[in-house]
Amino acid sequence: MAALKAAQAAGKPVLVDVHAPWCPTCRAQAPTIDSLATDPAYQSLTILRLDYDHQTAEKKALGVRMQSTLIAYKGRTEVGRIVGVTDPAQLRAFAATALK
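Residues numbered from 1 in each chain as written. Predicted model: local features only at pLDDT ≥ 70, side-chain atom pairs only at ≥ 80, totals over all residues. Heavy atoms only, no water.

Draft legend 1. Summary view of the pairing of strand β1 (residues 13–19). Counting buried positions along β1 yields seven of seven residues, so the element is predominantly enclosed. Going residue by residue along β1, you find Pro13, Leu15, Asp17 and His19 tucked away on one face and Val14, Val16 and Val18 tucked away on the opposite face as well. The pairing of β1 with strand β3 (residues 69–74) spans six bridges and is classified as antiparallel. Counted as the bridge partner of Asp17 is Leu70 from β3. Direction of pairing for β1 relative to strand β2 (residues 46–51): parallel, over a ladder of six bridges. Within β2, the residue paired with His19 across the bridge is Asp51. What joins β1 to β2 is helix α2 (residues 24–36), and the crossover it makes is right-handed. (Buried < 20%, exposed > 50% of the residue type's maximum accessible area, 1.4 Å probe, protein only. Helix = DSSP H or I, 4+ residues; strand = E, 2+ residues; numbered from the N terminus. Pairing = 2+ DSSP bridges. Right-handed = clockwise from strand over helix to strand, strands pointing away.)

See below:
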């Protein structure tokens, strides 16, 4: 995942969204995650979507076992990981951990 490595090398905050189109939890998360991209409070956050079904090497490298996983990074450091959360307030609070 070259985009992740580039963002980490630049020291940027990153949110990796492990998504599968067939996953109802992923579909429930998507509107909130998509809204972060246009929210000024999250403008410095790089959001990357990893395809659970097709990016198997990347999934393995990140230690992902389930779709609907979100991973927050501050530069190269993982600062959090959640699975299956769909509450918009919790998703926004989690994404903010990469910005602090």
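Draft legend 2. Looking closely at the environment of Leu91. Here Leu91 shows up in helix α4 (residues 88–96). The exposure class of Leu91 is buried, given its relative accessible area of 3%. Spatially, the C-alpha atom of Leu91 lies 8.9 Å from that of Leu70, the residues being 21 residues apart in sequence. Aside from chain neighbours lying at most four places away, what touches Leu91 is Gln29, Thr32, Leu70, Ile82, Val85 and Thr86. (Contact = heavy atoms within 4.5 Å.)

Draft legend 3. Geometry of the pattern of salt bridges. One pass over the full model with this rule turns up four salt bridges. Between Arg49 and Asp17 there is a salt bridge, with the nearest N and O atoms lying 2.9 Å from each other. Separated by 32 residues along the polypeptide, Arg49 in strand β2 and Asp17 in strand β1 bring together distant segments of the chain. A relative accessible area of 39% means that Arg49 is categorised as partly exposed. Asp39 serves as the salt-bridge partner of Arg92, at 2.9 Å between the closest nitrogen and oxygen. Of this pair, Arg92 sits in helix α4 while Asp39 sits in the loop between α2 and β2, and the two are 53 residues apart along the sequence. (Salt bridge = Lys/Arg side-chain N within 4 Å of Asp/Glu carboxyl O.)

Draft legend 4. How the structure looks around the nonpolar core. Ranked by size, the top nonpolar core spans 15 residues in total, and within it Leu4, Val14, Val16, Leu62 and Tyr73 carry the most contacts. Looking at this core, the elements that each hand over two or more residues are α1 (2–9), β1, β2 and β3. Ignoring any residue separated from it by four or fewer positions in sequence, one finds Val16 in contact with Leu4, Leu48, Leu50, Leu62, Thr69, Leu70, Ile71 and Tyr73. Core analysis: the next-biggest nonpolar cluster, separate from the first, contains 14 residues, Leu70, Ala72, Phe94 and Ala98 among them. (Core = buried A, V, L, I, M, F, W, Y, C linked by side-chain atoms within 4.5 Å.)

Just distances and angles here, no functional claims.
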